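# Examination of the molecular architecture
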Amino acid sequence: MTEPITTRQALPAFIEGVNIASNSDQGKTVDLSTGVIRLQYWESILQDGIRATVMYGDSGNTIDEKTAIDGLPIVGQEKVQLKFTDNNEETLDLTFYVNNVKPFYDDSNKSAVLLDLVSKEFIMNQKVRVSKRYDGKVSEHVKSILEDVLKTDKDLDIEETQNNYNFLGLNKKPYYMLNYLCKASVPSTQNSEGNTAGFLFYETSKGYKFKSIDTLSVSYTHLTLPTSDLV
């Protein structure tokens, strides 16, 4: 039986580390956790990958008597190890990469910067393409694109499909093809042909998931809310 899902009031997380590694100087890192003003983390069944933003203040003496942007430097695609404990008392230790750097306050003494963080696969999705022909089960195609094209080493939770689907990649982006395959997938349950709502492809802190909407619907029938959260 599926375990009930219980919501909790949103509370601030405890940030244990925001470690950024330099692309140009191997082994050179800086921890921005003490200067963090705001950290936001997202994961959703409607989102291809996990994301985060980190807003931090910089006194100008963060590394080598310079700001982190100038001293590391931070220009984009730096590896970021983000570790925090959420309000469910679950510690997340996640690897991100800098997608965008937005300084929005700067004077001679201090600055504030917003970092947009994405997964490695998000970066890869902009660089690689699905080009070969695929024959066989859709669930096997999904596994192949994630492992062979996006080169992910994350855990995969891929629900088996019953139907075969043959196609050419046509140099499309991996995320595009994975979402396209969601519509072509039939779960391997009895009498599911023509009676299902399709699949969803998404990422959580545990890895990538490819799940039928019917399976997810069964899980959410066990959702319970505290009476204080009901309107």
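In this report, the structure presented in the accompanying data block is examined. Starting afresh in each chain, residues are numbered from 1 along the sequence in its written order. Totals for whole chains, interfaces and linings use every residue, but because this is a predicted model, local features are given only for residues with pLDDT of at least 70 and side-chain atom pairs only at 80 or more, for both listing and counting. Hydrogens are left out, water is left out, and the side-chain values use all remaining heavy atoms of the structure.

## Quick word on the packing of helix 3 (residues 138-149) against helix 4 (residues 174-183)
As a rule, the C-alpha atoms of each element are fitted with a line to give its axis, helices using only the stretch in contact, and angles between N-to-C directions run from 0 to 180 degrees. A run of H or I in DSSP counts as a helix once it spans at least four residues, and a run of E counts as a strand once it spans at least two, with each numbered from the N terminus. Close contact between helix 3 and helix 4 brings their axes to 10 Å; oriented N to C, the two are set at 165°. Classed by the angle they form, the pair helix 3 and helix 4 counts as roughly antiparallel. Handedness of the helix 3/helix 4 crossing: left-handed. Counting all contacts with helix 3, which are made through Val138, His141, Val142, Ile145, Leu146 and Val149, the residues of helix 4 involved are Pro174, Met177, Leu178 and Leu181. Residues are grouped as follows: nonpolar covers Ala, Val, Leu, Ile, Met, Phe, Trp, Tyr, Cys and Pro; charged covers Asp, Glu, Lys and Arg; every other residue, Gly included, is treated as polar. Grouping the amino acids of the contact of helix 3 with helix 4 by side-chain chemistry returns 9 nonpolar, 1 polar and no charged. For classification, angles of less than 35 degrees are called roughly parallel, those exceeding 145 degrees roughly antiparallel, those between 65 and 115 degrees roughly perpendicular, and all remaining angles oblique. Left-handed is the label given to a crossing in which the near helix is rotated counterclockwise from the far helix by less than a right angle, and right-handed is the label when the rotation is clockwise. What makes two residues a contact is simply this: any of their non-hydrogen atoms within 4.5 Å.

## Remarks on the side chain of Glu78
Tracing the backbone shows Glu78 in the loop between helix 1 (68-71) and strand 6 (79-85). Buried charge without a salt bridge: Glu78, with Lys28 as the nearest opposite-charge side chain at an N-O distance of 11 Å. Polar contacts, as counted here, are pairs of nitrogen or oxygen atoms within 3.5 Å of one another; within protein the pair requires one atom able to donate a hydrogen and one able to accept it, and residues that are adjacent in sequence qualify only if both atoms are side-chain atoms. For Glu78, the side chain forms a polar contact with the main-chain nitrogen of Gly76, separated by 2.8 Å. With sequence-adjacent residues up to four places away left out, Glu78 is seen in contact with Ile20, Ala21, Asn23, Pro73, Phe96, Tyr97 and Val98. Buried, partly exposed and exposed residues are distinguished by accessible area as a fraction of the type maximum, computed with a 1.4 Å probe on protein chains only: under 20%, between the cut-offs, and over 50%, respectively. Counted charges follow a simple rule, with Lys and Arg positive, Asp and Glu negative, and His plus the chain ends left uncounted. Should a side-chain nitrogen of Lys or Arg be within 4 Å of a carboxyl oxygen of Asp or Glu, the pair is scored as a salt bridge.

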